[in-house]
Every structure is written in C-alpha cells, then in structure tokens.
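Reading the structure
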Amino acid sequence: MSIVTVQLGQCGNQIGFEVFDALLSDSHSSQGLCSMRENEAYQASCKERFFSEEENGVPIARAVLVDMEPKVINQMLSKAAQSGQWKYGQHACFCQKQGSGNNWAYGYSVHGPRHEESIMNIIRKEVEKCDSFSGFFIIMSMAGGTGSGLGAFVTQNLEDQYSNSLKMNQIIWPYGTGEVIVQNYNSILTLSHLYRSSDALLLHENDAIHKICAKLMNIKQISFSDINQVLAHQLGSVFQPTYSAESSFHYRRNPLGDLMEHLVPHPEFKMLSVRNIPHMSENSLAYTTFTWAGLLKHLRQMLISNAKMEEEGFKDPALYTSWLKPVNAFNVWKTQRAFSKYEKSAVLVSNSQFLVKPLDMIVGKAWNMFASKAYIHQYTKFGIEEEDFLDSFTSLEQVVASYCNL
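Everything quoted here is computed from the prediction, not taken from an experiment.

**Remarks on the overall build of the chain**
Of regular secondary structure, the chain possesses 14 helices and 15 strands. Put simply, the chain has 406 residues, and 57% of those count as buried. Long-range pairs, those at least 24 residues apart, make up 81% of the contacts in the chain with a sequence separation of at least 6. Surface summary for the chain: the accessible area is close to 17,300 Å², and the carbon and sulfur share equals 49%.

Here is the structure:
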C-alpha cells in the first residue's frame, strides 16, 4: 500500500530528500542472504510504497514539498534529479509576507488558511495516483516557526479531509540548549495540535542524533546534513519491507497500519521514539527490525550477541503496563535482506515513558515564559490568544500525567 509523504518547511524538505534517497539507494544495494526472487519482491514493495510511475525510467517520489520560499525546494528538486535514480513530482512554494518573521502563529493562522486550497489540491492529486492508499507520512520540525505552524495546520486539514486515512507525523525535537528563543512555545503549540489531529507522533531528538554522529560515527564537525542522514537511515529502517515470523516471507503491505495497530493501542498514547543500532559483520547478512510495540514502563537496552537478537528480554511482563499483555506488546518483523551498507542492524520503535522527561521540561520552560508574558505579542498579533496557550498546556500536562500513570 502506498504512502504519500508531505515535506514541510526547510527541515521537512531536507530530511524528506534524505529519506527517499536512502530508500532508493537501498533498493539497488546488495540483496544479502535473500534469494533473487525475494529481493525482487523487496524492491517492488519498496517502490510501491514510496514511488509512483516512472518517467523516462526514473521513479517519482510520492511526495508533496511545501515551503514558504523556493530556495530549499529548488535545492531538493535539483539534487534528486541529479542523482539520476529518482525525482520529485508535486511541490508547492508560497512567498512569505515581509515582516512576518519566522512565526508559528503566522504559519498556522495566516499562511495556512491563505494557501489551504492550493496545498490540499496538490496533496489530493498525489493521493489519486495511488492504487491502494495507506496514509500520510508528514515530516516537519517541532520548534521551528512558520513551517511548524503551517505543519500543524496542514495535518489538521488532512484529518478533516482524510479522516479514514492514517496520519503519522515525524517531528524533530529541538536541541535542549536552544535554537530559537521561542522554541518552547512553538513546541507546545505544535505538539498539542498534532496530538488532536495525528494518529501517531514519531519523535527524533536532535541531541540524541548529535551523540550518534559524535560518538558512534566519530564525526568531528557535525553538520545538519550528517544529522539528516542518520535520521534518514532510522526512518528507512522503520519502513523497510519486512515480514513477521508467521507470514512466511510475505512482506507487510501496510507498514503504517502495522505500526499504528501495535504501537498505539489507545489514542491517549501517541508518542513513539526510535533507536537504531547498526552493526557491521563480514560473516552475517541479516537485518532484523524490532517493533517494540507496547506501552512500556521503562526503556531497556537491547542486547546483541552472536548475530542473534535476544528477544526473550523483551517478553518480561514487568516491562509493560498491566493492561497490555506482553504477547500483544512486543512484535518482531525481520528480513534477510541487508539494508543499505549495513549487513546487520536493528531498529526499535517504542511507545514508552522515555519522552516524558523532555516533554515535561519543555512544558515547564514554556510555562515560565508564559507566566512572565514573554514574547506573547508575537503570537497574539496573528490570532493565537492566551487561551490557546492555556489549552496547549492543559493538553500536554494530561499527556505527561497519562504516561506517568502507566
């Protein structure tokens, strides 16, 4: 089943490009231990999900690119075309009003409504190209300004117009040290709105990805490109065609549906985190995808020994909330097909208390600013009132409480 990716803002478009590039490169890489027939099925499954009909032999990404200015979109279109392996089709660019700045409220209350019809028409055309449509994968920043506000607005419209289709938002958690002075405001507004309109939030922390680049990859001067490539590998691993032990090598047709079914057992719990552990080996060409699908009380380190994944450690009932049986909480999907250059690796997708502490910190910092009325005027002048902030605080405090009570 096909997935339409919506790339929003500079962050979403740059990461989206890396994801499609990783997926297409992987489909052309070594087949690992799988048979030629299985490899062909793997390639066909990958292309069906993320690429539409070929133009002059070049697959076209099932994607819609949206930004406030043309620079980043044009760069991504050019890089994809220059690869010679794939290209973009639909895109939209709308010039930002002079003087609006990088403002969440402007993106949500002004820019989104002003261009709603154009954006939704482009998305509709992309959906209509799908023979079997699964849902939307929306890539965006959480703490950015106009792009994050626009992303929240577009996701809300997708829920209104495609209520029966799945929607997963991949959002980037900001650096703890701060990128934008109002990033905590932007974060609570984005999260609270997405919690109402999205089916799941797949969260990546910039600080965690930065550590991977520094400590595991030994990169001295870490760039956003380095971070985006790590993110793309993690996301590619999540959506890589895999099968369950019971499926007899039939690849999952609906990865979004599988993730939702196993990872989001209740709409009150939507925050998913990803951990990817690649290992290189000359003697093994196995790739295993763990979907750690329960509501976990604690994160526990995954053990790897002798090229086998120690699954039993995840079946301990003490790991999970009492109302979810371990047999329903933990799922394994795997394939013998290698992923990209990694001969052996694993990815964990979990719905757990892991993100409670950073969420509570962001809410606390935002509340301290709000209590002193700092920068509120930047939002009220574009239609976001103090009551909207209070609603966001209340919503996220309930999320924190729900996870803490697991």
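That was the structure; now back to the text.
**Overview of the packing of helix H6 (residues 146-161) against helix H7 (residues 183-197)**
Packing of H6 against H7 brings their axes to within 9 Å, and their N-to-C directions diverge by 10°. In terms of orientation, H6 lies roughly parallel with respect to H7. Of H7, the residues touching H6 (which contributes Ser 148, Ala 152, Thr 155, Gln 156 and Glu 159) are Thr 190, His 193, Leu 194 and Ser 197. The residue inventory of the contact of H6 with H7, partitioned by class, reads 2 nonpolar, 6 polar and 1 charged.

**Considerations on the environment of Gly 12**
Relative to the helices and strands, Gly 12 is located in helix H1 (residues 9-27). We classify Gly 12 as buried; its relative accessible area is 0%. Considered as a pair, Gly 12 and Gln 170 are 158 residues apart in the sequence and their alpha carbons are 8.8 Å apart. With residues up to four places along the chain from it excluded, the contact list for Gly 12 reads Gln 7, Ile 139 and Met 140.

**Examining the pattern of salt bridges**
Scanning all chains against the criterion turns up 4 salt bridges. Arg 124 is the salt-bridge partner of Glu 128, the closest N and O atoms lying 3.2 Å from each other. Of this pair, Glu 128 and Arg 124 both sit in helix H5 (residues 116-128), 4 residues apart, which is roughly one turn of that helix. Owing to a relative accessible area of 32%, Arg 124 belongs among the partly exposed residues under this scheme. Among the salt bridges present, the one from Glu 126 reaches Lys 129, with a minimum N-O distance of 3.7 Å. The class of Glu 126 is buried, set by a relative accessible area of 1%. Relative accessible area serves as the criterion here: at 31%, Lys 129 is assigned to the partly exposed category.

**Observations concerning unusual backbone geometry**
Of all residues except glycine, most have a negative phi; of all peptide bonds, most are trans. The backbone phi angle of Lys 373 is positive, close to 65°, even though this residue is not glycine. Summarising the element assignment, Lys 373 is placed in the loop between helix H12 (356-371) and helix H13 (377-380). According to the relative accessible area criterion, Lys 373 is partly exposed, its value standing at 46%.

**Quick look at the packing of aromatic side chains**
Tallying each qualifying case throughout the model produces 21 aromatic pairs. Ring centres of Phe 51 and Trp 86 lie 6.3 Å apart, and the angle between their planes is 70°; this geometry places the pair in the edge-to-face category. One end of the pair, Phe 51, is in strand E2 (residues 51-55); the other, Trp 86, is in the loop between helix H3 (70-83) and strand E5 (90-93), and 35 residues separate them in sequence. Here Phe 51 matches Trp 86 in class, with each residue buried. Between Tyr 379 and Phe 389, the aromatic rings sit 5.3 Å apart at their centres with planes inclined by 85°, giving edge-to-face as the arrangement. Residue Tyr 379 is found in helix H13, and its partner Phe 389 is found in helix H14 (residues 386-404); the two are separated by 10 residues along the sequence. Judged by relative accessible area, which is 1%, Tyr 379 ranks as buried. Phe 389 gets classed as buried once you look at its relative accessible area, which sits at 0%. The residue whose ring lies beneath Lys 270 is Tyr 195, and the NZ or CZ to ring-centre distance is 5.5 Å. Its end group placed over the ring of Phe 370, Lys 373 keeps NZ or CZ at 5.3 Å from the ring centre.

**Thoughts on the nonpolar core**
Within the largest apolar cluster, 62 residues are counted, with the highest numbers of intra-cluster contacts made by Ile 123, Phe 136 and Phe 389. Sorting elements by how many residues they give to this core places H12 first, with 7 residues. The residues contacting Phe 136, other than those within four sequence positions of it, are Ile 3, Val 4, Val 6, Ile 123, Val 127, Leu 158, Tyr 162, Ser 165, Leu 166, Lys 167, Met 168 and Leu 256.

**Digging into the confidence of the model for the chain**
Here the chain averages 81 in pLDDT, and 83% of its residues register 70 or above. This model gives residues 278-293 a pLDDT under 50, and the stretch forms 85 contacts once residues within four places in sequence are excluded. Low pLDDT, under 50, characterises residues 297-309; the predicted model gives this stretch 36 contacts beyond four residues in sequence or across chains.

**Describing the packing of H1 against helix H9 (residues 224-239)**
At a closest axis distance of 8 Å, the pairing of H1 and H9 adopts a crossing angle of 55°. Overall, the two elements H1 and H9 adopt an arrangement that is oblique. Relative to H9, H1 is oriented so that their crossing is right-handed. Touching Gln 14, Ile 15, Glu 18, Val 19, Ala 22 and Leu 23 of H1 are Ser 225, Asn 228, Gln 229, Leu 231, Ala 232, Leu 235 and Gly 236, all from H9. Tallied by class, the residues present in the contact of H1 with H9 amount to 7 nonpolar, 5 polar and 1 charged.

**Details of the pairing of strand E8 (residues 200-205)**
Within E8, 6 of the 6 residues are buried, leaving the element largely enclosed by the surrounding structure. Covered by surrounding structure in E8 are Ala 200, Leu 202 and His 204 together with Leu 201, Leu 203 and Glu 205, the residues of both alternating faces. Both strand E7 (residues 166-173) and E8 contribute to a ladder of 6 bridges, which runs parallel. Residue pairing in the sheet places Ile 171 in a bridge with Leu 203 of E8.

Rules and cut-offs
Residues numbered from 1 in each chain as written. Predicted model: local features only at pLDDT ≥ 70, side-chain atom pairs only at ≥ 80, totals over all residues. Heavy atoms only, no water. Helix = DSSP H or I, 4+ residues; strand = E, 2+ residues; numbered from the N terminus. Buried < 20%, exposed > 50% of the residue type's maximum accessible area, 1.4 Å probe, protein only. Contact = heavy atoms within 4.5 Å. Areas by Shrake-Rupley, 256 points an atom, 1.4 Å probe, with all protein chains shown as cover. Axes fitted to C-alpha atoms, helices over the stretch in contact; angles between N-to-C directions. Parallel < 35°, antiparallel > 145°, perpendicular 65-115°, else oblique. Nonpolar A, V, L, I, M, F, W, Y, C, P; charged D, E, K, R; others polar. Salt bridge = Lys/Arg side-chain N within 4 Å of Asp/Glu carboxyl O. Phe/Tyr/Trp six-rings, centres within 6.5 Å; stacked < 30°, edge-to-face > 60°. Lys NZ or Arg CZ within 6 Å of the ring centre and 35° of its normal. Core = buried A, V, L, I, M, F, W, Y, C linked by side-chain atoms within 4.5 Å. pLDDT = per-residue confidence, 0-100. Left-handed = near helix turned anticlockwise from the far one by under 90°. Pairing = 2+ DSSP bridges.

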